[in-house]
Amino acid sequence: MSENEQSNALSQQEVLEGIRWNEAGLLPAVVQDADSLEVLMFAYMNKESLKLSLESGQTWFWSRSRGELWHKGGTSGNTQAIASIHYDCDSDTLLVKVVPEGPACHTGETSCFFRELPLSTPPAAGGAKTRQEAADSDRFAVLGELELVIAERETERPEGAYTTYLFDKGVDKILKKVGEEASETIIAAKNKDNAELRLEVSDLIYHLLVLLQERKLPLDEIMDELSARHERPRRD
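Residues numbered from 1 in each chain as written. Predicted model: local features only at pLDDT ≥ 70, side-chain atom pairs only at ≥ 80, totals over all residues. Heavy atoms only, no water.

**Thoughts on unusual backbone geometry**
The backbone of L37 shows a phi angle near 65°, a positive value even though the residue is not glycine. Of note, L37 is situated in the loop between β1 (27-33) and β2 (39-45). Its relative accessible area of 31% is what places L37 among the partly exposed residues. Residues other than glycine seldom take positive phi values, yet K192 does so here, at roughly 55°. (Helix = DSSP H or I, 4+ residues; strand = E, 2+ residues; numbered from the N terminus. Buried < 20%, exposed > 50% of the residue type's maximum accessible area, 1.4 Å probe, protein only.)

Rendered as structure tokens:
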């Protein structure tokens, strides 16, 4: 049995008994959006807050400044539904993946990590991307940005937005639009009209991203699947 299989076979109580709390009885917890994988915040849990998190399905922390338990969103309404909790190889740090109900930061920002520290020197050569690598990684950056915007639309539901309309109507409406855009893409290709094909493929990709968000299937998992297929030995 592999280490991962052994870990999965452990009961919740066995895992909790193996947690390595620091000298103050606390455990660092990194909170990440389960859909976009954006890091939302960093906080600490003690045994009681972890127990409450597991029991309630929402995040609870220990406030070091106030010296008390803290239910995230208990006052603001910006709660975090727990999708999964992972612990690291040393059993001394938690990764909590959540479905947030509103922004994580008290400032109203989606993530607490919205300020960037300027670097005084260029990145080390060993970690720098080549120009081609940077170009390749940036080619599809818009897909990640669009995925985040769609996730925000689902959470915030701004009035009058087309994406809000789709989520309000539900999966059947979204599937209908995916089918329509796929058909229009086929027609544009058959007509050998690349200008029209560009527009229809763009519409199709957008509606597919909405569908993935509705199904809570991150785009990263699609990319992982494509990568795995690319790595498999060919049989033809």
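**Digging into the environment of A182**
Its place among the elements puts A182 in helix α7 (residues 171-190). For A182, a relative accessible area of 27% gives the class partly exposed. In this structure the C-alpha to C-alpha distance between A182 and I205, which are 23 residues apart in sequence, comes to 9.4 Å.

**Comments concerning the nonpolar core**
Counting residues in each nonpolar core, the largest one holds 14 residues, and the members touching the most others are V31, M41, M45, F61, L94 and V96. Going through the elements one at a time, β1, β2 and β6 (94-100) are the ones with two or more residues in this core. Of all the elements, β2 adds the most residues to this core, at 4 residues. Aside from chain neighbours lying at most four places away, what touches M41 is A29, V30, V31, F61, W70, K72, Q80, A104, C112 and F113. Judged by nonpolar contacts, the second largest core, of 13 residues, contains L166, L209, L211 and L212. (Core = buried A, V, L, I, M, F, W, Y, C linked by side-chain atoms within 4.5 Å. Contact = heavy atoms within 4.5 Å.)

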